[in-house]
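Chain residues, written in single-letter form:
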Amino acid sequence: MTISISQSLIQSSLPISQGAEAKVYKAQLTPDSPPILLKYRFQKNYRHPFLDANLTRSRIAGEARALLKCLRSGINVPGIRMVDATEGVLGIEWIEGHSVRKLLPGGAEDDGSDDVDNVDVIDSVNLNEYGVSVDELMKLIGVEIAKMHQVDVIHGDLTTSNMILRQPGSFVPPQNHDIKTALVLIDFGLSYQSTLAEDKAVDLYVLERAFSSTHPDSEPMFAKVLAGYAEIMAGDWPAIKHRLDDVRLRGRKRSMVG
């Protein structure tokens, strides 16, 4: 039985984590190349093989397309290093840094997360080491999400685990920009295209719920996220804010009903 190049690469890579949909590895395409993050959507035995293969190809291709669109639009996402939709393998840039979840109060406690794109390798870290305050970080989050929504990419799973702060000195900022650090959005496995204010509002609501469930007293922090978002979205913000208020109301009603 012949082993594909992707499978051979997986076998020689370092396992990092596993989620419900994928396994993640730290790999190298060649012995002298920089490391990459390898995301492998493994076969699901509970699905029909033909359906499973089609879904895997579709999701890998869709994630790669979303990343490529974001990259072309100047949004901070990992670069694409390889795509093998048939084998369910996506290779992306390895980000040296920590997730926002671990950098904010409460996020590192009881971290039983199985997020497949979590590249954290050090447990002890302080936000001050990155040269940004909590308020500055919240604005960075709002700005990157707004840039993504401007090109009609809906992330689908916005959490503080799916945002990485690059370590200072590990990247070159854009020309003529005095940027101390960069926030990188990751894990576009559930992303899709939409021009609807409703879908963008739901994206924000998912993140708001993630903040409230993970980080104590998060209301002021999320307000700073929305302030940064509104600044970039400008004229589109009133419609999205109206939809966000509606989504919040529906969410509260569901919580009351149970």
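These remarks concern the structure in this document.

Procedures and definitions
- Residues numbered from 1 in each chain as written.
- Predicted model: local features only at pLDDT ≥ 70, side-chain atom pairs only at ≥ 80, totals over all residues.
- Heavy atoms only, no water.
- Helix = DSSP H or I, 4+ residues; strand = E, 2+ residues; numbered from the N terminus.
- Buried < 20%, exposed > 50% of the residue type's maximum accessible area, 1.4 Å probe, protein only.
- Contact = heavy atoms within 4.5 Å.
- Areas by Shrake-Rupley, 256 points an atom, 1.4 Å probe, with all protein chains shown as cover.
- Pairing = 2+ DSSP bridges.
- Axes fitted to C-alpha atoms, helices over the stretch in contact; angles between N-to-C directions.
- Expected span 1.5 Å × (residues − 1).
- Parallel < 35°, antiparallel > 145°, perpendicular 65-115°, else oblique.
- Left-handed = near helix turned anticlockwise from the far one by under 90°.
- Salt bridge = Lys/Arg side-chain N within 4 Å of Asp/Glu carboxyl O.

## Here's the deal with the overall build of the chain
Phase 1 of the analysis: A tally of helices and strands in the chain yields seven helices and ten strands.
Phase 2 of the analysis: The 258 residues of the chain split such that 48% are buried.
Phase 3 of the analysis: Look at the contacts in the chain between residues 6 or more apart in sequence, and 65% of them connect residues 24 or more apart.
Phase 4 of the analysis: In the form shown here, the chain has an accessible surface area of approximately 13,300 Å², with 53% of it arising from carbon and sulfur atoms.

## Concerning the sheet that holds strand 6 (residues 97–99)
Phase 1 of the analysis: If you walk across this open sheet you meet the three strands as 6-8-9, and the pairing is antiparallel. Bordering the open sheet on either side are strand 6 and strand 9 (183–185), each of which pairs with just one other strand. Neighbour-to-neighbour, the strand axes of this sheet turn through a mean angle of 30°, independent of strand direction.
Phase 2 of the analysis: When strand 6 meets strand 8 (residues 163–166), the two strands line up antiparallel, connected through three bridges. Of the residues in strand 8, the one forming a bridge with G97 is R166.

## Digging into helix 5 (residues 197–214)
Phase 1 of the analysis: In a regular helix each residue adds 1.5 Å, so 18 residues correspond to 26 Å; helix 5 covers 26 Å between its end C-alpha atoms and thus fits that length.
Phase 2 of the analysis: For helix 5, the complete set of buried residues consists of D199, K200, A201, D203, L204, Y205, L207, E208, A210, F211 and T214.

## Observations concerning the environment of D157
Phase 1 of the analysis: Structurally, D157 can be placed in the loop between strand 7 (153–154) and strand 8.
Phase 2 of the analysis: Here D157 is in contact with N162, D187, L190 and D203, once residues within four sequence places are set aside.

## Comments concerning the pairing of strand 1 (residues 14–18)
Phase 1 of the analysis: Inspection of the sheet shows strand 1 paired to strand 2 (residues 23–27) by four bridges, in the antiparallel sense. Among the inter-strand pairings, Q18 is bridged to a residue of strand 2, identified as K23.
Phase 2 of the analysis: The hairpin formed by strand 1 and strand 2 contains four residues between the paired strands.

## Let's talk about helix 2 (residues 49–72)
At 3.6 residues per turn, the α-helix brings residues three or four places apart onto the same side.
Phase 1 of the analysis: Taking 1.5 Å per residue, 24 residues should reach 34 Å; helix 2 reaches 35 Å between its end C-alpha atoms and fits that length.
Phase 2 of the analysis: Regarding helix 2, the residues found buried are D52, T56, I60, E63, A64, A66, L67 and C70.
Phase 3 of the analysis: In the core, the buried residues of helix 2 are packed alongside strand 3 (36–40), strand 4 (80–84), strand 5 (89–93), helix 4 (134–150) and strand 7.
Phase 4 of the analysis: Directly beyond the C-terminal end of helix 2, a positive phi value near 80° is found at G74.

## Some thoughts on the sheet that holds strand 3
Phase 1 of the analysis: With respect to topology, five strands assemble into an open sheet ordered 1-2-3-5-4, the strand pairing being antiparallel. In this open sheet, the two strands that pair with only one neighbour each are strand 1 and strand 4. Each adjacent strand pair in this sheet contributes to an overall mean axis angle of 20°, direction not counted.
Phase 2 of the analysis: As paired strands, strand 2 and strand 3 are joined by five bridges and run antiparallel to one another. Within the sheet, the bridge partner assigned to Y25 lies in strand 3 and is L38.

## Observations concerning the packing of helix 4 against helix 6 (residues 219–233)
When two helices pack together, their arrangement is given by the angle between the helix axes and the distance between those axes.
Phase 1 of the analysis: Across the interface, helix 4 lies against helix 6 with an axial gap of 7 Å and an inter-helix angle of 45°. The angle between the axes of helix 4 and helix 6 places the two elements in the oblique class. Relative to helix 6, helix 4 is oriented so that their crossing is right-handed. Of the residues in helix 6, those touching helix 4 at V134, D135, M138, K139, I141, G142, V143, I145, A146, K147, H149 and Q150 are M221, K224, V225, G228, Y229, E231, I232 and M233.

## Section: the pattern of salt bridges
Phase 1 of the analysis: Enumeration over the complete set of coordinates arrives at 15 salt bridges.
Phase 2 of the analysis: A salt bridge links K139 to E231, with the nearest nitrogen and oxygen atoms 3.7 Å apart. Of the two residues, K139 is situated in helix 4 and E231 in helix 6; the sequence distance between them amounts to 92 residues.
Phase 3 of the analysis: Classification of K139 as partly exposed rests on a relative accessible area of 38%.
Phase 4 of the analysis: With a shortest N-O distance of 4.0 Å, E198 and R243 are connected by a salt bridge. Here E198, found in helix 5, pairs with R243, found in helix 7 (residues 237–257); they are 45 residues apart in sequence, far enough to count as distant.
Phase 5 of the analysis: Residue classification places R243 among the partly exposed positions, given a relative accessible area of 36%.
Phase 6 of the analysis: Connected through salt bridges with shared partners, the residues E21, R41, K44 and R59 form a single ionic network.

Purely geometric numbers; function is a separate question.
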